Amino acid sequence: MGSDTPYFIGIDVGTGSARASLVAQNGEIKASSTKDTITWRDQHDHRIFEQSTNNIWEQICTAVKEVLKESNVPPTAVKGLGFDATCSLAVSDFDANPITVTKGNDIGKNGDRNIILWADHRAEKEAELINSTGSIVLNYVGGTMSLEMEVPKILWLKKHMDPALFAQCQFFDLPDFFTYKATGDSTRSYCSTTCKCSFVPDKGWQPDFFERIGLGELIDDGNWRQMGTANGRVQAAGSPVGQGLSRQAAEELGLVEGTAVGSGLIDAYAGWMGTVAARYTENGQLSAVLPSLDESRHRLAAVAGTSTCHLVQSREGVFVKGVWGPYKDAAFPGWWMNEGGQSSTGQLIDFIITTHTAYPELKERAKQEGKAIHIVLLDVLEELRHENHVDTYTELTKHIHFYPDFHGNRSPIADPRMRGSIVGLELESSIADLARKYYLTLEAIALQTRHIVEALNTAGHDITSLYMSGGQAKNVVMMQLFADTCDIPVILPKSHSEAVVLGAAMLGRIAAEGVKAGEDMWKIMVEMTPAGTLVAPGASLKVKKLLDAKYKIFRETIDIQKRWRQEIEEASH
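Keep in mind that this is a model prediction, so the values were computed, not measured. (Residues numbered from 1 in each chain as written. Predicted model: local features only at pLDDT ≥ 70, side-chain atom pairs only at ≥ 80, totals over all residues. Heavy atoms only, no water.)

(A) Examining the sheet that holds strand β13 (residues 280-282) more closely. Strands sit in the order β14-β13-β23-β22-β21-β15-β16-β18-β17 across an open sheet of nine strands; the sheet is mixed. The open sheet has two free edges, formed respectively by β14 (285-286) and β17 (324-328), since each of these has just one partner strand. Bridge count between β17 and strand β18 (residues 336-342): three bridges; the pairing is antiparallel. Along β18, the bridge assignment pairs K328 with W336. Most of the contacts of helix α15 (residues 476-486) go to strand β22 (residues 490-492), to which it runs at about 155°, and overall it touches β21 (465-469), β22 and β23 (532-535). (Pairing = 2+ DSSP bridges. Helix = DSSP H or I, 4+ residues; strand = E, 2+ residues; numbered from the N terminus. Contact = heavy atoms within 4.5 Å. Axes fitted to C-alpha atoms, helices over the stretch in contact; angles between N-to-C directions.)

Following this line, the structure appears as structure tokens:
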């Protein structure tokens, strides 16, 4: 392949692995490499999840070298690279050396374990303090700051670290750390600072908020050096960071010094970038119309794996109770984003299957038939449908009602105390019962998706389609349920696993071409996003009425649970 053809590298740092993909200008992925990363837990404290930027960077370098070798593309042909990562807190000193975040004698000293992972829940008390302030900062996170965000974690570190060592720390949301590592330039991104670090749209940092919660030293006479955003130096997604790759980073990655590096995105936002500009095929025909930038405000991206993130863009800020945002400039200059989510979706499906008494029987049958367990469950549902003389699986489960918040509610209730429930249980533990409960779980996740879409639209959004990525996009039955329950089309990506890293590669191209305007960024997204497949709502009138009734019951379940909780609290005093 000649070096005249431009290529771009996307680097996606997920919870358990780092992935690099080499991408052509038309969005075709030429080579990919994924490397596992290390997560440390604490056997005495289930809330703790820690990682290492050194470990992740080593895996990134190995993956980048592998894609260059596999594709036979010379380093000179790579014109830009972009990073996305989880919204985890990375800590270094001002020479980029990692600083230990583990509680104990070494906290604040140089050491490998320098990331507090997004899933780490150590900062519960700090989040409670922040949520008691009534600060304007809270208006932009749906009214309640999550303990998974960065400021509660920074406050936790201050409480556990020698003040002299704390003063030597730089604090990064993880995507920004890797653009810093790659370029030596610590300029932060709008996505990370606005979405996870309490940088308020159009107003910037709020000194009174930081003073009030006990982090006044971060203000630094208005320089905010530890937060890396002195004098408001914050960049839009894909804008070039510093002078591109530093000499050291270029050597370690096997690339050319000065190669453009785009300002980063949180992983879910890269998933949004890699899906929502897609054209789609319907009944085998590719849609003739190229989507406009304005169309993006009608397209809700759902990045669905262990948990699910829901992202939608709007021209004006829309405040939605229980939904994070609105975040200005998070992806496009001048545009706003809202972020909803479900704390446990793929994880919940696995939990329901693996904790059922018929799970060993299911595994054995799948092994004997050489099928995936999800396919065997669909086979069982099909047998049940015939035995019960019904047209659809929804009719098989019409008298069972499942509420799915086993791990609390992220959106739109924003209540970590919500819990799951199943009404309509029988004395049955067969594989048929497991199959019904599996389908019921898919249905409950779909009903909750409808709740989130309705909350967004009631507040002022105008969502008319759902753009999927992540592992759940492979589940055809679930995707049809989403379309039928929400009564909007669902667009499946060409590859469920490549949307996020494709979004990161787009950041590299935006940087390489010096693109600044949202319209031009959108054109790059349209050009690089492969066509998806449209799943249209297809429920019969009978099933539509059933799903509507189940949704009404779903909403009543929330009210009942809150009322019961209150009655128990009153009885306990």
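(B) Structural detail: the environment of G254. Take G254: it is sitting in the loop between α8 (247-253) and β12 (260-266). We classify G254 as partly exposed; its relative accessible area is 25%. C-alpha of G254 to C-alpha of P75: the two residues are 179 residues apart in sequence and 7.0 Å apart in space. Excluding its chain neighbours within four sequence positions, the residues that come into contact with G254 are K65, L68 and P75. (Buried < 20%, exposed > 50% of the residue type's maximum accessible area, 1.4 Å probe, protein only.)

(C) Molecular detail of the nonpolar core. With 80 residues, the main nonpolar core has L157, F171, Y269, W272, M273 and F332 as its most contacted residues. Residue contacts for F332: discarding those within four places in its chain leaves W272, M273, L293, Q313, G518, M521, W522 and M525. V380, I452, M478 and L492 belong to the second-largest nonpolar core, a separate cluster that totals 51 residues. (Core = buried A, V, L, I, M, F, W, Y, C linked by side-chain atoms within 4.5 Å.)

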